[in-house]
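# Structural features, examined
These are the residues of each chain, in order.
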Amino acid sequence: MTDTILPKPLPPDTGPGSDGWRSEFVATLKLSWPLAAANLLQMLTYAIDVIFIARLGENQLAASALAIALFGLVMWALSGLTGAVAPVAAAELGERAPALRPVRRSVRMALWLAVFSGVAGMGICLLLGPLMRATRQEGEIIALALEYNTILVFSMVPFLINNVLRSFVSTLDRPIFATAITAGGIFVNALANYALIFGNFGAPELGLRGAGVATIITTLVTMAAYVAAIRLDPRLHRYRIFGRWWSPDWSRFWHITRIGTPIALTITAEAGIFGAAAFLMGNIGATQLAAHTVALQIAALAFQVPFGVGQAATIRVGYFYGARDREGMRRAGWAGIAIGTGFMVATALAMIVIPKPLLAIYIDPWDPENAVLVGFALQYIVIAAAFQLFDGMQAVAAGALRGLQDTRVPMWIAAFSYWVPGIGTALYLGFYTPLEGKGVWIGLATGLTVAAILLTYRWIRRDRLGLTVRPPAA
């Protein structure tokens with residue numbers, strides 16, 4: 001099948017008759033909401049794991065938390081690496097739609113990268129044992145965590161393959177598939193956990209190991225659903241991304257790797273500061289750590305929407321980057337930033353006006369036994385409300401820059417922001433002033449604010465920095 005060269009290749013939902021900004025806002029919203037919904041549903045999937053494992057006992061829950069801490073960090077970092085196929089494919093579409101051969105080759109190499117990096121990620125996760133022993137975890141917890149982790153790691157490769165397929169369907173203007181498939185995965189995960197952890201439906205009672213097997217089953221079913229959706233949808237099937245899967249295109253492979261590696265390191269830096277904050281809060285007090293965990297879950301829940309908008313901005317800016325349309329890039333980037341920050345203004349107001357109903361998602365804020373914990377959590381939520389705006393801004397600005405395939409400098413901006421003013425402020429205010437836990441949260445807010453300012457400033461200067469100049473196609 002040969003590619004059709006359009007007279008003037010433009011992204012979906014735009015065209016000569018479009019009315020500029022209004023059209024771009026509509027297109028970005030249309031792409032954003034399914035991605036944001038999929039992100040929220042993915043969080044629900046993990047919540048279901050916790051609900052089932054918690055019924056096994058405190059030791060099993062603690063063991064799973066330790067395994068997930070490392071597995072989750074590696075998995076999300078590698079998701080950033082393999083997800084770099086989105087701006088690459090979007091630029092190819094913008095330059096020469098429908099770009100059947102370039103998109104097919106890029107997705108194929110991203111699938112290769114998912115397998116290679118997934119195997120490497122499995123190796124990293126198998127270092128959990130030495131890590132737990134180095135941090136002096138209890139022997140029983142170590143044994144349970146290793147039992148769970150040894151099974152869980154086999155879900156790494158299919159998860160990363162799913163991430164590539166999700167990027168493909170979203171870039172081809174089918175993000176609703178990601179939402180529907182993630183929603184279906186919740187039911188598969190719940191049924192598999194119910195059957196394999198407790199021995200229901202005639203399945204063997206595997207306990208904590210059953211939770212690991214359930215995760216593998218869920219990722220495999222999800223992968224099968226993506227393959228079926230791609231095969232059945234005419235627009236997606238015409239790319240034949242599974243054809244000649246053995247044929248390499250090393251220039252594309254390394255191009256995606258070069259763009260994706262800084263994204264993976266950025267995710268690691270951001271996850272690292274929140275992990276470090278948990279350790280800092282643990283040194284202040286157990287109650288403060290529990291309150292921190294609850295407040296952070298609420299902030300993370302709200303963050304999934306601008307995170308989805310940032311993913312949409314990457315694709316929308318990438319389309320125009322491929323078409324070498326600077327005005328289109330400008331509109332797409334600013335539309336995404338406006339939508340993401342606008343949503344976070346609403347969540348910030350909700351945190352200030354109705355904090356207790358939000359806390360009720362996780363705990364009973366009206367139970368007298370939770371009074372101290374709730375008191376700390378309310379203090380932290382107020383600070384979280386203050387940095388919601390900047391958290392949304394930095395997420396979407398980073399996404400817009402990724403659409404320009406600009407990832408290396410944003411990586412250094414993120415690392416500096418989170419670990420110098422961010423963790424530095426948290427350490428000083430948390431341990432050398434009476435603020436304690438509030439000081440740690442102010443440190444988190446400082447890091448996110450600095451990142452938002454620097455990333456947005458880089459977006460503003462994109463033309464002067466030459467970021468909007470796309471090299472000629474090979």
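See the structure shown above.
Since this is a predicted model, take the numbers as computed values, not measurements.

What follows is about the packing of aromatic side chains. Inspection of every chain in the model, using the stated rule, returns 16 aromatic pairs. Judged by centre distance (6.3 Å) and plane angle (45 degrees), the ring pair of F52 and F198 falls under tilted. Of this pair, F52 sits in helix α1 (residues 21-54) while F198 sits in helix α8 (residues 175-198), and the two are 146 residues apart along the sequence. With relative accessibility at 12%, the residue F52 sits in the buried group. Seen in terms of ring centroids, W245 and W246 are 5.9 Å apart; in terms of plane orientation they differ by 85 degrees. Their pairing is edge-to-face. Of the two residues, W245 and W246, both sit in the exposed class. An aromatic cluster is defined as three or more aromatic residues linked by ring pairs; in this entry it consists of W112, F116, W250, F253 and W254. Positioned above the aromatic ring of F198, the side-chain terminus of R55 is 4.9 Å from the ring centre.

Scanning the model with the defined rule gives nine salt bridges in all. When the shortest N-O distance is used, the salt bridge between D233 and R174 registers 3.1 Å. In this pair, D233 is assigned in the loop between α9 (208-232) and α10 (234-237) and R174 in the loop between α7 (156-171) and α8, connecting sequence segments 59 residues apart. Among the salt bridges present, the one from R331 reaches E327, with a minimum N-O distance of 3.7 Å.

Over its 38 residues, helix α12 (residues 286-323) runs 54 Å from end to end, which matches the ideal 56 Å to within 8%, given 1.5 Å per residue. Summarising burial for α12: 27 of the 38 residues are buried, a large majority. Once α12 finishes, R324 follows within two positions and takes phi at roughly 60 degrees, a positive value.

We now examine helix α16 (residues 408-432). With 25 residues, α16 should cover 36 Å at 1.5 Å per step; its first-to-last C-alpha distance of 35 Å lies within 8% of that length. In α16, a bend of some 30 degrees at G422 exceeds every other bend along the element. Along α16, the residues that are buried comprise P410, M411, I413, A414, S417, Y418, P421, G422, I423, A426, L429 and G430.

Here is what the cut-offs are and how they apply
Residues numbered from 1 in each chain as written. Predicted model: local features only at pLDDT ≥ 70, side-chain atom pairs only at ≥ 80, totals over all residues. Heavy atoms only, no water. Phe/Tyr/Trp six-rings, centres within 6.5 Å; stacked < 30°, edge-to-face > 60°. Helix = DSSP H or I, 4+ residues; strand = E, 2+ residues; numbered from the N terminus. Buried < 20%, exposed > 50% of the residue type's maximum accessible area, 1.4 Å probe, protein only. Lys NZ or Arg CZ within 6 Å of the ring centre and 35° of its normal. Salt bridge = Lys/Arg side-chain N within 4 Å of Asp/Glu carboxyl O. Expected span 1.5 Å × (residues − 1). Bend = angle between axes of the 7 residues up to and from the residue.

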